[in-house]
Amino acid sequence: QVQLVESGGGLVQPGGSLRLSCVASGIFFRMSTMGWYRQASGKERELVATITGGDATNYVDSVKGRFTISRDNAKSTMWLQMNGLKPEDTAVYYCRIVGTAHWGQGTQVTVSS
């Protein structure tokens, strides 16, 4: 019943931008705290940013000032705007209903010249 679908990944040069989207279905989106996570090759999955139903946000230190998480409850959609991308941002990015086992399938972000 619950489905999360990410999109928007791709290959960009250092300093470039990408906007990731996550569309949710099968949940009361407005009542769910959502998060973006990422996993680089050979590394553990890490939390990138979260956003509550009331639009309170939190970010890992490494992306503060560069990434912005947002949501539109009417569209059951969450975004991650990524600016000033660095090679170390390369990873598969996942959306998640925080505190649950509900994850999207992931979308690849590669930052390389």
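About the thresholds
- All residue numbers refer to position in the chain's written sequence, counted from 1.
- The model is predicted, so local features are restricted to residues of pLDDT at least 70 and side-chain atom pairs to those at 80 or more, both for listing and for counting; the totals for chains, interfaces and linings are taken over all residues.
- Water and hydrogen atoms play no part in the side-chain values, which are based on all heavy atoms of the structure.
- The nonpolar core is taken to be a set of buried Ala, Val, Leu, Ile, Met, Phe, Trp, Tyr and Cys residues, with the residues joined through side-chain atoms within 4.5 Å.
- Burial classes: relative accessible area under 20% of the type maximum marks a residue as buried, over 50% as exposed, and values in between as partly exposed (1.4 Å probe, protein chains only).
- Counting from the N terminus, the helices are DSSP H or I runs at least four residues long and the strands are E runs at least two residues long.
- Pairs of residues are marked as contacts when any of their non-hydrogen atoms sit within 4.5 Å.
- Pairs of cysteine sulfur atoms within 2.5 Å are what we label disulfides.
- Working definition: a ring pair exists when centres of Phe, Tyr or Trp rings (six-membered ring for Trp) sit within 6.5 Å. Plane angles under 30 degrees give stacked, over 60 give edge-to-face, the rest tilted.
- Our definition puts a charge over a ring when NZ of Lys or CZ of Arg is within 6 Å of the ring centre and also within 35 degrees of the ring normal.

Peer 1: So what exactly am I meant to see when it comes to the nonpolar core here?
Peer 2: What tends to happen in soluble globular proteins is that the nonpolar side chains get buried as a cluster. Among the nonpolar cores identified, the biggest contains 26 residues, and W36, M78, L80, M82 and Y93 are the most heavily contacted of them. At the level of elements, strand 3 (18–25), strand 4 (34–39), strand 5 (46–51), strand 7 (67–72), strand 8 (77–82), strand 9 (91–97) and strand 10 (107–111) are the ones that each hand at least two residues to this core. Not counting residues within four places of it along the chain, the set of residues in contact with M82 comprises G16, S17, L18, L20, R66, F67, Y93 and V109.

Peer 1: Before we go on, may I ask you to explain the state of the cysteines in this structure?
Peer 2: A covalent bond between the sulfur atoms of two cysteines is referred to as a disulfide. Across all of its chains, the model carries one disulfide by this definition. In this model C22 forms its disulfide with C95; the gap between the sulfur atoms is 2.2 Å. Looking down the S-S bond of the C22 and C95 bridge, the torsion is 60°, so its handedness is right-handed. One end of the pair, C22, is in strand 3; the other, C95, is in strand 9, and 73 residues separate them in sequence. For the residue pair C22 and C95, the accessibility class agrees, reading buried in each case.

Peer 1: I'm lost on the packing of aromatic side chains in this one. Help?
Peer 2: Working definition: an aromatic ring pair is given by the centre-to-centre distance plus the angle between the planes. Counted under the stated rule, the structure contains two aromatic pairs. Aromatic pair Y94 and W103: ring centres 6.3 Å apart, planes at 90°, arrangement edge-to-face. Y94 sits in the buried class, given a relative accessible area of 14%. Judged by its relative accessible area of 30%, W103 is partly exposed. Three or more aromatic residues joined by ring pairs make a cluster, and in this case those are Y37, Y94 and W103. One residue, R45, lies across the ring of Y94, its end atom 3.7 Å from the ring centre. Positioned over the ring face of F29 is R71, at 4.3 Å from the centre of the ring.

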